[in-house]
Every structure is written in C-alpha cells, then in structure tokens.
Amino acid sequence: STQSTWGIHLRISTNMGAFISQPRIIINDDLLRSYRNTILHELDDSYQAWIEQGQKMGLTKYEFAQILGLTQEVIEHFDLFDTDRNGLVDAFEVFCGSAVFSRGELPEKAKFVFNLFDFNNNQKVSRVELIMLLQAVCRGVSKLAKLAEPGQQELEEWAIKAFRFLQKDDSERMSLADFTRWVDADQEVKNYIDCFSHSYDPSEADAVCQRLKSTQADLFRDIYDPETKTASVDDFDDVFKRSMGGPTDEEFEQLVLVLDKNHNRRVHIYDFLEAMDAWNAFTAADVNGDRVLNIKELGLLLWLRDKKMPTEAETQEMMRKLDTNRNMTIERIEWVQFVYAELKKNEAS
C-alpha cells in the first residue's frame, strides 16, 4: 500500500525490499516539530509518570496530557495518535513514536523502546515481544507523520530476519545488546528509522541558507574589485566552490553564463548574491542529494522561497513551468535562471 505526505513518499513492499524513496520526513507543522525538538531523555520523566499511573496501555486524553506534561494543544496532540477516534491512545505507540522522532542517538533510542517491552525486567525480549515493539514503533511514527504503516506480515518478517541474523531460534530471547546490534546492522531497518529520526525542518534549512549566503558574501569580497564590485570567476577557488555545495564544472559554467552580463567572466556581487539565494535554496531542498528536484522537493523549494506552504496545484504549475524536458525533475540551473529572470523582470517594471 502507499500513502504520501508533503515532501516525502514512503513505499511499503511486500518482500521487505528497499522501500524508502526519500531519506527523510519533512517537518511541515508545529505539532510534528514539537516531537522533533524533544530531547530523548526528556521522555524519561513521562515514562516514570506512566509507570506510577499503572502502565495503562490505553490512555484517555487526560492521562495522555498528564503523562506527557502537556498544557497546550492537548486535543491536537491526542488526535495525532487517536486515529480511530475511540477516545484512547496506545501508550506504546506514543512513547515509541515520540522516541524515534526525538533528538538523540540511535543506540539510546533503541534502548528506550527496548525497555518498554522488557516486560520481565530481565533485559531480554521474545520474538513475539519484538513484533509488538516493531508494531508500536511503526504505528507511532506513521501516525505522527500521517503515513501508511508496514503491515503485520512485514513486521513478522523483520522479526524473523532479526533472529536469523542473531542466529537464534524462536524459543530464545533477544538481549538489548542483540537488539542494538541488529538495528545498527540491518540497513533496511536503519533506513526506516532514519527516515523519521533524521527528519527535515524547512525553517532550519532557511537559517542554514542565510548563514551560507553570509559566508559566500565574505568569500566574494575577498576576491572582488572594491571599485567595480566585480570578481573574476576564475578566482573562485575550491574553498569558494565548496561553500556553493561543490558544483560540477557544468553547473558552474552554466551559472557563469547567467551572471556574466558583459561576457568578460566577471560577476557583480549583487548579481552573485541574488543568484546564491536561489542556488542555496535548491541545495537545501535537494533532500536526497541527487542534484535534481522531484515534485515533492520542489514543494519544499517553494516554501523556502515564499515562506509559506504551496498548494499541490501551485507546485504542479511550477513544475510545468520549469520542467522543459518533461522528465518530472528540475535541475539547479533551471531554477537559478528562472529566479534570476523574475528578479530582473521585476526590476524593469
């Protein structure tokens, strides 16, 4: 089954093949951002509060808010997990989803979720308990990200693979060290967790773009002529190009063609920095680093430019406008040329 959310498409395959088509979830609302900004160890207090309240699996809205220490937007947070609208949320899904999205290292997250299912307090889980753990993790993160979740068969196959990897039969139990070793070694599981754990926040990307532009401006001033405020593109050394994300020779020369108005391989600082706004935004939007943008990444690019979420229709219209070869991807220079042309058109009007 498939389901999409803004900025990422997650495909679940029945043979447990590689199913992550984008590496990271894109954070596009403040509710999800609050889970991403939670420090993992902050969940320890919630976990203790849950134990003190009797470790109920189904939590009411009041219990949910009390355990997590929520005082604002309680209904909105609760509804993220209460997808069947029965007035209860699964405590394991809440803790596992929150832990995976939180800020923390993978081994610590693995320990946190493992301990939730160590029902005998002996630092070991059975295969059945591992399936329950995987189910809670997948359901928790999927509800937060509003994505489809792997089916029961896929989770059981994951558990079988884990025990095979550890050379254990069904009657044996998996230790915390075993679990951590398996999660770290199984690239498919690791990719799935990283998709949520290393989520992508456009507001942070915007701040990075601004810092990058400041660095580029300083580097440009180191090589430009103060009188003409122009610099020779032949003076752009490796350090300078690294600040631009290491463009290919073709990308760099295409940029020069856009900015070299007098055809003397000199670029004015104003034109350069205007182009870098578009250039850096493209880099930030290229979530999977393949130097082209698909339609989901284009939505992120438009967010970075306009500081508001584009509608699906707006994103598709921009794709039609920029995608001249109709391959459903946008190249960096196409975007830079478009933005630069729009700037010049506005200046002339």
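Computed from a predicted structure; not experimentally measured.

## Description of the overall build of the chain
1) Next: Along the backbone of the chain there are 17 helices and 10 strands.
2) Next: With respect to the principal axes defined by its C-alpha atoms, the chain has extents near 75 × 45 × 40 Å.
3) Next: Across the 349 residues in the chain, those meeting the buried criterion constitute 48%.
4) Next: Total accessible area on the chain stands at roughly 17,200 Å², and carbon and sulfur atoms take up 49% of it.
5) Next: Of the charged side chains in the chain, 41 are positive and 61 negative, and the gap between their average positions amounts to 1 Å.

## A word on the packing of helix α3 (residues 61–68) against helix α4 (residues 74–81)
1) Next: One can describe the packing of α3 onto α4 by two numbers: an axis separation of 10 Å at closest approach and a directional angle of 105°. Between α3 and α4, the angle falls in the class roughly perpendicular. In this structure, α3 contributes K61, F64 and A65 to the contact, and α4 contributes V74, I75, H77, F78 and F81.
2) Next: In the contact of α3 with α4, the residues fall into 6 nonpolar, 1 polar and 1 charged.

## Regarding the pattern of salt bridges
1) Next: Counting across every chain of the model gives 23 salt bridges.
2) Next: R33 is the partner of D30 in a salt bridge, and the nearest nitrogen-oxygen pair spans 2.6 Å. Taken together, the positions of D30 and R33, both in helix α1 (residues 30–36) and 3 residues apart, correspond to about one turn of that helix.
3) Next: In this structure, E129 engages R173 in a salt bridge whose closest nitrogen and oxygen atoms are separated by 3.1 Å. With E129 in helix α7 (residues 127–145) and R173 in the loop between α8 (152–165) and β6 (174–175), this pair connects stretches of sequence that are 44 residues apart.
4) Next: Put simply, E93, R139, K143 and E149 are held in one network by salt bridges that share partners.

## Structural notes on the nonpolar core
The tendency in soluble globular proteins is for nonpolar side chains to be buried side by side.
1) Next: With 60 residues, the main nonpolar core has F179 and F196 as its most contacted residues.
2) Next: Ranked by residues supplied to this core, first place goes to α7 with 10 residues.
3) Next: One finds C209, Y224, A275 and A278 within the second-largest nonpolar core, a separate group that totals 47 residues.

## Side note on α4
Three- or four-residue spacings in an α-helix give side chains the same orientation, since the helix completes a turn every 3.6 residues.
1) Next: Burial in α4 covers these residues: V74, H77, F78, L80 and F81. The buried residues of α4 occupy one face: seen down the axis, they fall within an arc of 150°.

## Let's talk about the packing of aromatic side chains
1) Next: On inspection of all chains with the given rule, the structure shows 25 aromatic pairs.
2) Next: Judged by centre distance (4.3 Å) and plane angle (10°), the ring pair of F236 and F240 falls under stacked.
3) Next: On the basis of relative accessible area, F236 is assigned to the buried category, the value being 7%.
4) Next: A relative accessible area of 2% means that F240 is categorised as buried.
5) Next: Among the aromatic residues, ring-to-ring pairing joins Y47, W50, F92, F95, F112, F117 and F119 into one connected group.
6) Next: Across from the ring centre of F252, 4.4 Å away, lies the NZ or CZ of K241, which sits over that ring.
7) Next: Cation over ring: R332 sits above W279, and NZ or CZ is 4.4 Å from the ring centre.

About the cut-offs
- Here the residue numbering is sequential within each chain, running from 1 through the sequence in written order.
- Totals for whole chains, interfaces and linings use all residues, but because this is a predicted model, local features are given only for residues with pLDDT of at least 70 and pairs of side-chain atoms are given and counted only at 80 or more.
- Hydrogens and waters are ignored; side-chain quantities use all the structure's heavy atoms.
- Helix and strand labels come from DSSP, where a helix needs a run of H or I of at least four residues and a strand needs a run of E of at least two; each type is numbered from the N terminus.
- Accessible area is worked out with a 1.4 Å probe on protein chains only. A residue is then buried under 20% of its type maximum, exposed over 50%, and partly exposed in between.
- Each accessible area is a Shrake-Rupley result for a 1.4 Å probe, and residues are judged covered by the shown protein chains and nothing else.
- Positive charges are assigned to Lys and Arg, negative charges to Asp and Glu, while His and the chain termini are left out of the count.
- Just so you know, the charge point we use is NZ for Lys, CZ for Arg, CG for Asp and CD for Glu.
- Axis angles are defined between N-to-C directions and span 0 to 180 degrees, where every axis is a line fitted to C-alpha atoms and, for a helix, only to the segment in contact.
- Angles are sorted into four bins: roughly parallel if under 35 degrees, roughly antiparallel if over 145, roughly perpendicular if 65 to 115, and oblique for all others.
- In what follows, a contact means two residues having at least one pair of non-hydrogen atoms within 4.5 Å.
- Ten residue types, Ala, Val, Leu, Ile, Met, Phe, Trp, Tyr, Cys and Pro, are classed as nonpolar, four, Asp, Glu, Lys and Arg, as charged, and the remainder, Gly among them, as polar.
- Definition used for salt bridges: Asp or Glu carboxyl oxygen within 4 Å of a side-chain nitrogen of Lys or Arg.
- In plain words, nonpolar cores are sets of buried Ala, Val, Leu, Ile, Met, Phe, Trp, Tyr and Cys residues tied together by side-chain atoms within 4.5 Å.
- Arc definition: directions from the helix axis to the C-beta atoms.
- Paired rings are identified among Phe, Tyr and Trp, the last through its six-membered ring, by centres lying within 6.5 Å, and are further divided according to the angle between planes into stacked (under 30 degrees), edge-to-face (over 60) and tilted (the rest).
- A ring is considered to have a charge above it if a Lys NZ or an Arg CZ atom is located within 6 Å of its centre and within 35 degrees of its normal.

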